[in-house]
There are 2 protein chains.
Amino acid sequence: MEPHEPDLTAVPVTSVLAALADDVRLQIVRALAEGGESACGSFDFGVSKATRSHHLKVLREAGLTRTRAAGTSRLVRLRRDELDKLYPGLLDAILTQRPPA
Amino acid sequence: MEPHEPDLTAVPVTSVLAALADDVRLQIVRALAEGGESACGSFDFGVSKATRSHHLKVLREAGLTRTRAAGTSRLVRLRRDELDKLYPGLLDAILTQRPPA
DNA sequence: GGCGTCGTTCGATAGTTGTCGAACAAGGGT
DNA sequence: ACCCTTGTTCGACAACTATCGAACGACGCC
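Conventions we followed
- Residues numbered from 1 in each chain as written.
- Chains lettered and ligands numbered in written order.
- Predicted model: local features only at pLDDT ≥ 70, side-chain atom pairs only at ≥ 80, totals over all residues.
- Heavy atoms only, no water.
- Near = heavy atom within 4 Å.
- Polar contact = N/O pair within 3.5 Å; in protein donor to acceptor, adjacent residues only side chain to side chain.
- Nonpolar A, V, L, I, M, F, W, Y, C, P; charged D, E, K, R; others polar.
- Contact = heavy atoms within 4.5 Å.
- Buried area = accessible area lost by both parts, 1.4 Å probe.
- Salt bridge = Lys/Arg side-chain N within 4 Å of Asp/Glu carboxyl O.
- Helix = DSSP H or I, 4+ residues; strand = E, 2+ residues; numbered from the N terminus.
- Pairing = 2+ DSSP bridges.
- Axes fitted to C-alpha atoms, helices over the stretch in contact; angles between N-to-C directions.
- Parallel < 35°, antiparallel > 145°, perpendicular 65-115°, else oblique.
- Left-handed = near helix turned anticlockwise from the far one by under 90°.

**A look at the protein's contact with DNA strand D**
So, point 1. If you check the shell around DNA strand D, you find 21 residues, and the closest are Ser-48, Thr-51 and His-55 of chain A together with Lys-49 and Ser-53 of chain B.
So, point 2. When atoms of DNA strand D within 4 Å of the protein are sorted by moiety, sugar and phosphate together comprise 67%.
So, point 3. Note that a phosphate oxygen of DNA strand D is positioned 3.3 Å from one of the backbone N or O atoms of Cys-40 of chain B.
So, point 4. Within the contact set of DNA strand D, a phosphate oxygen lies 3.0 Å away from a backbone nitrogen or oxygen of Gly-41 of chain B.
So, point 5. When grouped by side-chain class, the residues that make up the surface near DNA strand D number 6 nonpolar, 10 polar and 5 charged.

This is the structure in structure tokens:
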């Protein structure tokens, strides 16, 4: 199975934004931004593994992540440099935790 | 009818992103960023006025725009300064037209 | 080889969303 | 007063999406 990781410039902005416009996926992206490359299973945000797999697929197909096999696991990482180049400031703006009040 | 324009800090990031993750709404935001305050009717992007009204409502309730009545029309404007303050770089990153290739 | 782990895929389902036409409301002009 | 313009709201409908359990596949290990 090709992991279907598109060229970021070929992904419409709306798809990138839609991929980020979900709470679970945003948590995944935040975790990746902080923790670097991580196994799929490390994102346990109260959803089933089927749902998690679905969200990772959305992120991957929106050009936000890359996935590679590593034994029985799969390692996911943010395509941060590409994102920062194409959408400078986007990730920073989104990932910055806002003041609670 | 109060226009229901929330405090931006009270709007979840995902709602802001979701509001921007639609082609019609993104066109509206682009037009507002370029043209400043505009009447609702000036956004004729091939959708009915009902649909346009719906999209403007989504943008307003996501904290992206402000609306004020002006005679028979309604003028809409981007809350750019607030957005730039809370999400620095977000609008710029999104509104910048990417190279076609 | 067999088993457990990790992850994807399938089918189903409930909820959300984009779209429309039609009906309604508010203003301005003649 | 009438009408036309401008927008909003109300169903209705189709399309998409988030979610799950279950079945399946791939890999390492014992």
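**Let's talk about the interface of chain B and chain A**
So, point 1. Residue-level contacts link 22 residues of chain B with 23 residues of chain A.
So, point 2. Counting the surface lost from both chain B and chain A, the interface buries some 1,700 Å², and carbon and sulfur atoms represent 70% of this.
So, point 3. Linking chain B to chain A there are 0 salt bridges.
So, point 4. The interface formed by chain B and chain A holds 0 residue pairs in polar contact (both at pLDDT 80 or more) in total.
So, point 5. Elements that contribute at least two residues to the side of chain B that touches chain A include exactly helix 1 (13–20), helix 2 (23–35) and helix 5 (90–95) of chain B.
So, point 6. Considering every element that reaches the side of chain B that touches chain A, the biggest residue donor is helix 1 of chain B, with 5 residues.
So, point 7. Considering only residue class, the side of chain B that touches chain A consists of 15 nonpolar, 3 polar and 4 charged.

**Remarks on the sheet that holds strand 3 (residues 73–78) of chain B**
Residue and element names in this part refer to chain B.
So, point 1. In space, the 3 strands of this open sheet follow the order 1-3-2, with antiparallel pairing throughout. Every interior strand has two partners, whereas the edge strands, strand 1 (38–39) and strand 2 (65–70), have only one.
So, point 2. Where helix 2 meets the sheet, its contacts fall on strand 1, strand 2 and strand 3, and the angle it forms with strand 3 comes to roughly 85°.

**Focus on the packing of helix 2 of chain B against helix 3 (residues 49–61) of chain B**
Residue and element names in this part refer to chain B.
So, point 1. Their axes nearest at 10 Å, the elements helix 2 and helix 3 cross at an angle of 70°. The angle between helix 2 and helix 3 falls in the class roughly perpendicular. The two elements helix 2 and helix 3 meet at a crossing, and its hand is right-handed. Judged by residue contacts, Val-24, Arg-25, Ile-28 and Val-29 of helix 2 engage His-55, Leu-56, Val-58 and Leu-59 from helix 3.
So, point 2. Class assignment for the residues of the contact of helix 2 with helix 3 results in 6 nonpolar, 1 polar and 1 charged.

**Things to note about the protein's contact with DNA strand C**
So, point 1. Among the 21 residues in the neighbourhood of DNA strand C, the closest are listed as Lys-49 and Ser-53 of chain A together with Ser-48, Thr-51 and His-55 of chain B.
So, point 2. Taking the atoms of DNA strand C that fall within 4 Å of the protein, sugar and phosphate contribute 67% of them.
So, point 3. Here Cys-40 of chain A contributes a backbone N or O atom positioned 3.2 Å from a phosphate oxygen of DNA strand C.
So, point 4. Contact between DNA strand C and His-55 of chain B: a phosphate oxygen at 2.4 Å from a side-chain N or O atom of the residue.
So, point 5. Contributing elements (two or more residues each) for the surface near DNA strand C: helix 3 (49–61) and strand 3 (73–78) of chain A together with helix 3 of chain B.

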